[in-house]
Amino acid sequence: MKVLIDEAQAERDAFHSCYGFFGGCNCHSMPPCGFCTHPGNPTNQEEDESCWREEPLQAGRIYLSNFGWFGEFSRIGGTGMAIFHPPGEPDMQSSWAADLDKIEREATPEEAKAYKEECNYVDKE
Ligand SMILES: [Zn+2]
C-alpha cells in the first residue's frame, strides 16, 4: 500500500489547514496560484513518486479500498492479491480479494469501529 512519507504528510496537513478540504484554485486571477503550486496539494503529490513509500498490509487491521469498501486484511493470496474478510471472521466463504494498488489506506479508528459495528462484530475485551 502506498503511504505518504512523513514530510509529504506534513505538507499535506499544511495544505489542508491552509485551504481546508474543499479549497479552490485562484488561477483565474493570478496563475499559477498558491493552491495549485502548494507541495502538499494531493494532485501534485499523486504525481511525485518521492512523496510515497510502500507499506506492507498488516493482518488484523482494517483497510479501505478505493471502491469505498472496508475489510480486515488477512494475507496475500497466491495470485498476489490481498485477501480480506469481515472483522473477526477469517472464513474462506466470506473472503474477498483486491489488487494491492486498489487499497486506499488504513481505516481510521472511528471508521474501523463503525465498520465492526455494521458487521455486528464486538472486539474481545
Ligand atoms: Zn490554481
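Calculation notes
- Residues numbered from 1 in each chain as written.
- Predicted model: local features only at pLDDT ≥ 70, side-chain atom pairs only at ≥ 80, totals over all residues.
- Helix = DSSP H or I, 4+ residues; strand = E, 2+ residues; numbered from the N terminus.
- Pairing = 2+ DSSP bridges.
- Axes fitted to C-alpha atoms, helices over the stretch in contact; angles between N-to-C directions.
- pLDDT = per-residue confidence, 0-100.
- Expected span 1.5 Å × (residues − 1).
- Core = buried A, V, L, I, M, F, W, Y, C linked by C-beta atoms within 7 Å.
- Buried ≥ 20, exposed ≤ 12 C-beta atoms within 10 Å, placed from the backbone.
- Contact = placed C-beta atoms within 7 Å.

Topic: unusual backbone geometry
Where the residue is not glycine, phi is negative for most of them; where a peptide bond is considered, it is trans in most cases. A cis amide bond links P31 to the next residue, P32, at an omega of -15°. Looking at the element boundaries, P32 is found in the loop between helix 1 (6–19) and helix 2 (34–37).

Observations concerning the sheet that holds strand 3 (residues 62–65)
The 5 strands are arranged 6-5-4-3-7 in an open sheet whose pairing can be described as antiparallel. On the outer flanks of this sheet lie strand 6 (96–98) and strand 7 (103–106), each paired with one strand and no other. Between one strand and the next, the sheet's axes are offset by a mean angle of 50°, whatever the strand orientation. Bridging between strand 3 and strand 4 (residues 70–76) involves 3 bridges; their strand directions are antiparallel. In the sheet register, L64 faces strand 4, and the bridge partner there is F70.

Details of the confidence of the model for the protein
Averaged over the protein, the pLDDT score is 90; the fraction of residues at 70 or greater is 95%. By mean pLDDT, the top-scoring element of the protein is helix 1 (95), and the lowest-scoring one is strand 1 (residues 2–4) (89).

As for helix 1
Between its first and last C-alpha atoms helix 1 spans 20 Å; for 14 residues at 1.5 Å apiece the expected length is 20 Å, and the two agree. Phi turns positive one or two residues past the end of helix 1, at G20, with a value near 70°.

Focus: the nonpolar core
Residues I62, Y63, F73, A82, I83, F84 and I103 constitute the largest nonpolar core, which totals 7 residues. For this core, the elements supplying multiple residues, two or more each, are strand 3 and strand 5 (82–85). The biggest single contributor to this core is strand 5, with 3 residues. Filtering out sequence-adjacent residues up to four positions away, I103 remains in contact with M1, L57, Y63, S65, A82 and A98.

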